[in-house]
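Chain by chain, the residues run as shown.
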Amino acid sequence: NDKKINEFRMMPYGKENVLLISRDITRIAQLEAMRGDFVANVSHELRTPLTVMNGYIEMLPYSELAEDSLAQKACVEMHKQSKHMQDLVDDLLILSRIESSAEKIYDNVIDMANIMRQIEIDAQRLNSDKGHTITFHVDPNLQVYGVATELRSAISNLVFNALNYTPNNGEIEVHWYRYAGKAVCKVIDNGQGIERKHIRRLTERFYRVDQARSRQTGGSGLGLSIVKHVLNHHNSSLNVKSRLGHGSEFSFSLPHQLVIPFSKTK
Ligand code: ADP
């Protein structure tokens, strides 16, 4: 369609005036939408064949083939890689959906205590071979307006990162509380931490502090990018505090317009 899109910027002009600058960004917006559509379509198309492949590969270790030790090794590696590809495609799809999300954030009241419970169950499952102590401190009466799937995905990503980037037997805390009329979420770990110079770039797509190691942990490199877009959609942004070798704290607060006042939750 040929609707024009303009970007406006205000700048001080002299002592009492402001200058309104308008720029036609129609073409940029069209290209950006095309890129988003393309990524969404490719991810969607790749999903089915990958699921089928993964299903067969998962069965291979139980077949006659697996009696051969080389074939057994190949099966394990193929399964790992195809699972990784599946996670990547899933995250690409989530990211492009969120990027173009037109879902209204004020339409639904989210029961965050319930979402936190689900995230805790998933985290404990993932923790079975890591030995971390994970504690959730959740205000049961703190509900917000928003998109439940998006907020769940954002908080899950922060929690799973804390689990993955903390050496075994670490300590992970998740907080959800009311502060100065806002809703605050904090995920704290005492893991490997992040050097200051990387922090600014963490939410870029596929940005990883240590490419080789991150690939081993199996993430897609899109987790924090998803978090950034979800928070953007909810008028918020991600704060990161970290000390190399000591741990990290990822947090965000949802503005008071999204927080349900006490009276409504009782
Ligand atoms: P990935 O799939 O690689 O985990 P993310 O976008 O979720 O991708 O994270 C980007 C990078 O940020 C990670 O590769 C890792 O280097 C770093 N990172 C994220 N969370 C933590 C954390 N809790 N502790 C240390 N490093 C982290």
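These numbers were taken from a predicted model, which means no experiment stands behind them.

Some details on the overall build of the protein chain
Then, in step 1: Across its full length, the protein chain holds eight helices and nine strands.
Then, in step 2: Its C-alpha atoms give the protein chain principal-axis dimensions of roughly 80 × 45 × 40 Å.
Then, in step 3: Restricting to contacts in the protein chain with at least 6 residues of sequence separation, those with at least 24 account for 68%.
Then, in step 4: Put simply, the protein chain shows about 16700 Å² of open surface, and 54% of that area lies on carbon and sulfur atoms.
Then, in step 5: Taken as two groups, the 33 positive and 31 negative side-chain charges of the protein chain have centres that lie 8 Å from each other.

A few points about the site of the ligand
Then, in step 1: Around the ligand, 20 residues are found, and the nearest of them are N161, Y165, R208, G221 and L224.
Then, in step 2: At 2.9 Å, a side-chain N or O of R208 approaches an oxygen atom of the ligand.
Then, in step 3: For the ligand, an oxygen atom lies 3.3 Å from a polar atom in the backbone of G223.
Then, in step 4: Alone, the ligand offers 530 Å² of accessible surface; in the complex the protein occludes 97% of this.
Then, in step 5: Sorting the residues of the shell around the ligand by element identifies α4 (148-164), α7 (223-233) and β9 (247-254) as the ones contributing at least two each.

Re the pairing of strand β7 (residues 182-189)
Then, in step 1: Strand direction decides the pairing type here: strand β6 (residues 171-179) and β7, joined by eight bridges, are antiparallel. Across the sheet, the residue bridging to H175 is K186, located in β7.
Then, in step 2: Between the antiparallel neighbours β6 and β7 lie two residues, among them A180 with a positive phi of about 50 degrees.
Then, in step 3: Where β7 meets β9, seven bridges bridge the pair, whose relative direction is antiparallel. Across the sheet, the residue bridging to A183 is L254, located in β9.

Examining the packing of helix α1 (residues 26-59) against helix α2 (residues 69-99)
Then, in step 1: Between α1 and α2, whose axes approach to 8 Å, the crossing angle comes to 150 degrees. In this view, α1 runs roughly antiparallel relative to α2, as classed from their interaxial angle. Judged by the sense of rotation from one axis to the other, the crossing of α1 with α2 is left-handed.
Then, in step 2: Of the residues contributing to the contact of α1 with α2, the split by class is 11 nonpolar, nine polar and six charged.

Some words on the confidence of the model for the protein chain
Then, in step 1: Model confidence for the protein chain is summarised by a mean pLDDT of 90, while 96% of its residues fall at 70 or above.
Then, in step 2: ipTM for the predicted complex: 0.99, alongside a pTM of 0.84.

Comments concerning the pattern of salt bridges
Then, in step 1: Tallying each qualifying case throughout the model produces 13 salt bridges.
Then, in step 2: Among the ionic pairs, R47 bridges to D90, the shortest N-O distance being 2.8 Å. Residue R47 is found in helix α1, and its partner D90 is found in helix α2; the two are separated by 43 residues along the sequence.
Then, in step 3: On the accessibility criterion, R47 (35% relative accessible area) is partly exposed.
Then, in step 4: The class of D90 is partly exposed, set by a relative accessible area of 23%.
Then, in step 5: We note a salt bridge from E204 to R201, for which the minimum N-O separation is 2.9 Å.
Then, in step 6: Residue classification places R201 among the partly exposed residues on the basis of a relative accessible area of 33%.
Then, in step 7: The network of salt bridges with common partners includes E32, R35, E99 and R205.

About the criteria used
- Residues numbered from 1 in each chain as written.
- Predicted model: local features only at pLDDT ≥ 70, side-chain atom pairs only at ≥ 80, totals over all residues.
- Heavy atoms only, no water.
- Helix = DSSP H or I, 4+ residues; strand = E, 2+ residues; numbered from the N terminus.
- Contact = heavy atoms within 4.5 Å.
- Areas by Shrake-Rupley, 256 points an atom, 1.4 Å probe, with all protein chains shown as cover.
- Lys, Arg positive; Asp, Glu negative; His and termini not counted.
- Charge placed at Lys NZ, Arg CZ, Asp CG, Glu CD.
- Near = heavy atom within 4 Å.
- Polar contact = N/O pair within 3.5 Å; in protein donor to acceptor, adjacent residues only side chain to side chain.
- Pairing = 2+ DSSP bridges.
- Axes fitted to C-alpha atoms, helices over the stretch in contact; angles between N-to-C directions.
- Parallel < 35°, antiparallel > 145°, perpendicular 65-115°, else oblique.
- Left-handed = near helix turned anticlockwise from the far one by under 90°.
- Nonpolar A, V, L, I, M, F, W, Y, C, P; charged D, E, K, R; others polar.
- pLDDT = per-residue confidence, 0-100.
- Salt bridge = Lys/Arg side-chain N within 4 Å of Asp/Glu carboxyl O.
- Buried < 20%, exposed > 50% of the residue type's maximum accessible area, 1.4 Å probe, protein only.

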